[in-house]
Amino acid sequence: MTGTAMDWATVSDAEVVRACRDGEDAAWRELVERFSRYVFAIARAHRLGESDAEDVFQETFARIYEHLGKLRSDEAVRPWIGQLTRRLCIDRLRAAVRDPVLDDAQEQGEVDRRLTAVDEAVSVHEALRTLSADCREILDRFFCRDQSYNTIGELLDLPPGTIASRISRCLGRLRSAYEGRSGPASASGEA
């Protein structure tokens, strides 16, 4: 094979591997050509982004170059490359989960979203404090403790229909207090 022009289309994968081991540059180019779409398809099947897929592609062929001499059977080159690529894809996915990389804009957006959520929670809590004790209790039981109308009715000795209308009225008062459209609800006002 050395020193002569090779018609790579007629050469088996195993023969390409042997030529690579013999140091033939054309064989290495052929190996990359034969398996590049295969490697890239595996990377994309793992739903890696374009950049990560390219990194896996490069790492795969770097490892093939380093470890081709350890391949037990030249005929097994395709499954070996497939397995190597899959392992590298999984490693890449695990690394992304352990250490998500956010650009500055994404990171700032996430911080802003969290701060907004905290601000809203504080505002709702402050609005709740302006409601009567009866309203606070019924809203707490329904929304925080996840109690049903029947359960709340039994505990407060009220019919379930009354519970529904009181929750509705108290939510209206909470909405008004939250939006700042009215002053504090009467502390003595019943739910």
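See the structure shown above.
Residues numbered from 1 in each chain as written. Predicted model: local features only at pLDDT ≥ 70, side-chain atom pairs only at ≥ 80, totals over all residues. Heavy atoms only, no water.

**Q** Explain unusual backbone geometry residue by residue, including any values.
**A** The bulk of non-glycine residues show a negative phi, and the bulk of peptide bonds are trans. Even without being a glycine, Arg47 presents a positive backbone phi close to 60°. Looking at the element boundaries, Arg47 is found in the loop between helix H2 (25–45) and helix H3 (50–67). Despite not being glycine, Asp157 shows a phi value in the positive range, around 55°. (Helix = DSSP H or I, 4+ residues; strand = E, 2+ residues; numbered from the N terminus.)

**Q** Can you lay out the side chain of Arg34 for me, pointing to particular residues and giving the numbers?
**A** Counting through the fold element by element, Arg34 comes out in helix H2. At a separation of 2.7 Å, a polar atom in the side chain of Arg34 contacts the side chain of Asp13. With residues up to four places along the chain from it excluded, the contact list for Arg34 reads Trp8, Val11, Ser12, Asp13 and Val16. (Polar contact = N/O pair within 3.5 Å; in protein donor to acceptor, adjacent residues only side chain to side chain. Contact = heavy atoms within 4.5 Å.)

**Q** Describe the state of the cysteines, listing the residues and the values that go with them.
**A** Applying the stated criterion to the full structure yields one disulfide. The disulfide partner of Cys135 is Cys170, and the gap between their sulfur atoms is 2.1 Å. Around the S-S axis, the bridge from Cys135 to Cys170 shows a dihedral of about -80° and counts as left-handed. Of this pair, Cys135 sits in helix H6 (residues 133–144) while Cys170 sits in helix H8 (residues 160–179), and the two are 35 residues apart along the sequence. When sorted by exposure, Cys135 lands in the same class as Cys170, which is buried. (Disulfide = S-S within 2.5 Å. Buried < 20%, exposed > 50% of the residue type's maximum accessible area, 1.4 Å probe, protein only.)

**Q** Break down the pattern of salt bridges for me, citing the residues and quoting the values.
**A** Within this structure, the stated rule accounts for 10 salt bridges. Asp55 is paired through a salt bridge with Arg92; the nearest N and O atoms lie 3.3 Å apart. Of this pair, Asp55 sits in helix H3 while Arg92 is found in helix H4 (residues 77–98), placing the two residues 37 residues apart along the sequence. Using a relative accessible area of 31% as the deciding quantity, one classes Asp55 as partly exposed. (Salt bridge = Lys/Arg side-chain N within 4 Å of Asp/Glu carboxyl O.)

**Q** Tell me about H4, and name the residues and values.
**A** With 22 residues, H4 extends 32 Å from end C-alpha to end C-alpha; this agrees with the ideal 32 Å at 1.5 Å per step. Listing the buried residues of H4 in full gives Val77, Ile81, Gly82, Leu84, Thr85, Leu88 and Cys89. Summarising the axial view, the buried residues of H4 lie within an arc of 165°, below the 170-degree limit, and thus occupy one face. Pointing more than 90 degrees away from the buried face of H4 are the exposed residues Arg94, Val97 and Arg98. Against helix H1 (13–21), H2 and H3 lie the buried residues of H4. (Expected span 1.5 Å × (residues − 1). Arc of directions from axis to C-beta.)

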